[in-house]
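Residues per chain, in single letters:
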Amino acid sequence: MLAKKNYSNRIAKERLKLMMESEPLECAPETMVQMKKEISDIVSRYFEISPDKYEIKVILKQNRKRA
Amino acid sequence: MGEAIVFTSGKGGVGKTTTIANIGAGLSQLDKKVVMLDADMGLRNLDVVMGMEDRITYNLFDVLENHCRLNQALIRDRKYPNLYMIPASLKYRDVTEYEERLLALIRELKKEFDYCLIDCPAGIDDGFHFAISAADRAMVITTPHVSAVRDAGRVLYLLESSHIKTIDLLINQMNRRMIRRHNMLSQKDIEDVLDMNSFGIIPVDEHIVIGQNKGMLVMDKKTVAQKAFREICNHIINPDVISLSIPETKTQIRKSHSIFHRKECDYAG
């Protein structure tokens, strides 16, 4: 059986999600990844929670109006 | 007073022209008077999809330049009597200065027609801004390909900061078999990524290609694409009706999963 994460649609979706959140800010995907890592470091400094138990999202309020 | 709807996608080759032609025909079958405008100056294609390429004398640019009267550029479809088309010019034209004239033309057309469908060129440059300038509503077309979804996201972003308030998403060329095997972005994947619900789903259908070879539409054939276009047309006319076209509900996915489960394992092994 194929492992769940190897489904190619999942890979496509993850790549697109990253593009969608970083591009309107005109920030490179790597910068977004780095920023999330740093935020995650701060979170783990205050809470005892493993990184796979939460998600860090950047939501643009100004331009993408839909919830 | 009619409604002007622009069909746009950012990326080329996702099926804007085919979609507009079939939705135009579908709306006319539902007794709506429809005019389609090809705004893709220099790369006109709506005429070939409609099988009207041998009937063109004047085009949209001629109308905007007052080289002819509006009636002279309007071509009536032979098969669908309520359906008209104004072709684009064969020569590339800079349309940046023509937005006001287009607005006046569309205002005129909306008095006569229930729907005015505008075929937008690919890209997000001047041609895009020209095509969306006079529209009341936008349909963004995408396919389950990473490149098309990304471009749809960019176009949605641009449309949301424009004057257009009603923006809908159509997903074209859906391949159920590939989705079942998790080898294609599903409706839900695309909706999640673009953060909006889709207005309609059009499955991949070889009749589209066969029809286009002959300059014919699929609207009077019983095919899967025809069914999808028909539902989209009903949805355009009655926005309250919930579309039934969603091909992969959760139960269906599970069901198909069990049927194809063994096959999938065979392939994998």
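By the naming in an unreviewed UniProt entry, chain B is Septum site-determining protein MinD, taken from Roseburia porci. The annotation that UniProt attaches to chain B under Function (unreviewed entry) is "ATPase required for the correct placement of the division site. Cell division inhibitors MinC and MinD act in concert to form an inhibitor capable of blocking formation of the polar Z ring septums. Rapidly oscillates between the poles of the cell to destabilize FtsZ filaments that have formed before they mature into polar Z rings."

Chain A is annotated in an unreviewed UniProt entry as Cell division topological specificity factor MinE of Roseburia porci. Under the UniProt heading Function (unreviewed entry), the note attached to chain A is "Prevents the cell division inhibition by proteins MinC and MinD at internal division sites while permitting inhibition at polar sites. This ensures cell division at the proper site by restricting the formation of a division septum at the midpoint of the long axis of the cell." UniProt, in the comment section headed Sequence similarities (unreviewed entry), describes chain A in these words: "Belongs to the MinE family."

The subject of this paragraph is the overall build of chain A. Within chain A, the regular secondary structure consists of two helices and zero strands. In chain A, which comprises 67 residues, the proportion classed as buried is 25%. Taken as a whole, chain A presents about 5,500 Å² of accessible surface, with 56% of it coming from carbon and sulfur.

Turning our attention to the confidence of the model for chain B. When pLDDT is averaged along chain B, the result is 89; 89% of the residues meet or exceed 70. Confidence drops under a pLDDT of 50 for residues 245-269 of chain B, and excluding neighbours within four residues, the segment shows 21 contacts in the predicted structure.

Next up on the list: the interface of chain B and chain A. At the junction of the two partners, chain B supplies 22 residues and chain A supplies 18 residues. A buried area of about 2,100 Å², summed over both sides, lies between chain B and chain A, and 55% of it is on carbon and sulfur atoms. Where chain B touches chain A, the interface holds two salt bridges. With a shortest N-O distance of 3.2 Å, Lys-13 of chain A and Asp-189 of chain B are connected by a salt bridge. For the side of chain B that touches chain A, the secondary structure elements donating two or more residues are α7 (146-160), α9 (187-194) and α12 (250-268) of chain B. Among the elements that take part in the side of chain B that touches chain A, α7 of chain B stands out by supplying eight residues, more than any other.

The next point concerns a negative patch on the surface. Residues and elements named next belong to chain B. Together, Asp-94, Glu-97, Glu-99, Glu-100, Asp-125 and Asp-126 line one region of the surface with negative charge. Along the chain, Glu-100 falls in helix α5 (residues 99-112). Using a relative accessible area of 70% as the deciding quantity, one classes Glu-100 as exposed.

This next bit is on the pairing of strand β2 (residues 34-38) of chain B. Residues and elements named next belong to chain B. Summarising burial for β2: five of the five residues are buried, a large majority. Burial of β2 is two-sided: the residues Val-34, Met-36 and Asp-38 facing one way and the residues Val-35 and Leu-37 facing the other way are all buried. Of the strand pairs in this sheet, β2 and strand β4 (residues 83-86) are connected by four bridges, and their pairing is parallel. Bridge pairing links Val-34 to Leu-83 in β4. Note that β2 and strand β5 (residues 115-119) share five bridges and pair parallel. By the bridge assignment, Val-35 is partnered in β5 with Cys-116.

Here we take up a nonpolar patch on the surface. All names here are of chain A. Judged by side-chain polarity, Ile-42, Tyr-46, Phe-47 and Ile-49 come together as a nonpolar surface patch covering roughly 440 Å² of accessible area. Positionally, Phe-47 belongs in the segment after α2 (29-46). Note on Phe-47: relative accessible area 55%, which makes it exposed.

UniProt marks residues 4-152 of chain B with the feature "domain: AAA" (unreviewed entry), using the numbering shown here. In residues 4-152 of chain B, the share of helix is 38% and the share of strand is 18%. The end C-alpha atoms are 20 Å apart.

Residues and elements named next belong to chain B. On the UniProt side, "binding site: ATP" (unreviewed entry) is annotated at positions that read Lys-11, Gly-12, Gly-13, Val-14, Gly-15, Lys-16, Thr-17 and Thr-18 here. For Gly-12, the location among the structural elements is in the loop between β1 (3-8) and α1 (16-29). Under the relative-accessibility criterion, Gly-12 is labelled partly exposed at 30%. Tracing the backbone through its elements, the reader meets Lys-16 in helix α1. A relative accessible area of 8% places Lys-16 in the buried class.

Glancing now at the pairing of strand β7 (residues 166-174) of chain B. Sheet faces and side chains relate simply in a regular strand, where the side chains alternate between the two faces. All names here are of chain B. Most of β7 sits out of view: seven of its nine residues are buried. One ladder, built from six bridges, connects strand β6 (residues 137-142) with β7; its direction is parallel. Paired with Arg-137 across the bridge in β7 is Thr-166. Assessed by its sense of winding, the connection that carries the chain from β6 through α7 to β7 is right-handed. Where β7 and strand β8 (residues 200-203) come together, three bridges link them in parallel fashion. By the bridge assignment for β8, Leu-170 is matched with Gly-200.

The rules behind these values
Residues numbered from 1 in each chain as written. Chains lettered and ligands numbered in written order. Predicted model: local features only at pLDDT ≥ 70, side-chain atom pairs only at ≥ 80, totals over all residues. Heavy atoms only, no water. UniProt positions renumbered as here; feature names shortened; annotations may be inferred. Helix = DSSP H or I, 4+ residues; strand = E, 2+ residues; numbered from the N terminus. Buried < 20%, exposed > 50% of the residue type's maximum accessible area, 1.4 Å probe, protein only. Areas by Shrake-Rupley, 256 points an atom, 1.4 Å probe, with all protein chains shown as cover. pLDDT = per-residue confidence, 0-100. Contact = heavy atoms within 4.5 Å. Buried area = accessible area lost by both parts, 1.4 Å probe. Salt bridge = Lys/Arg side-chain N within 4 Å of Asp/Glu carboxyl O. Patch = residues over 30% accessible without salt bridge, like charges linked within 9 Å, V, L, I, M, F, W, Y side chains within 5 Å. Lys, Arg positive; Asp, Glu negative; His and termini not counted. Charge placed at Lys NZ, Arg CZ, Asp CG, Glu CD. Pairing = 2+ DSSP bridges. Right-handed = clockwise from strand over helix to strand, strands pointing away.

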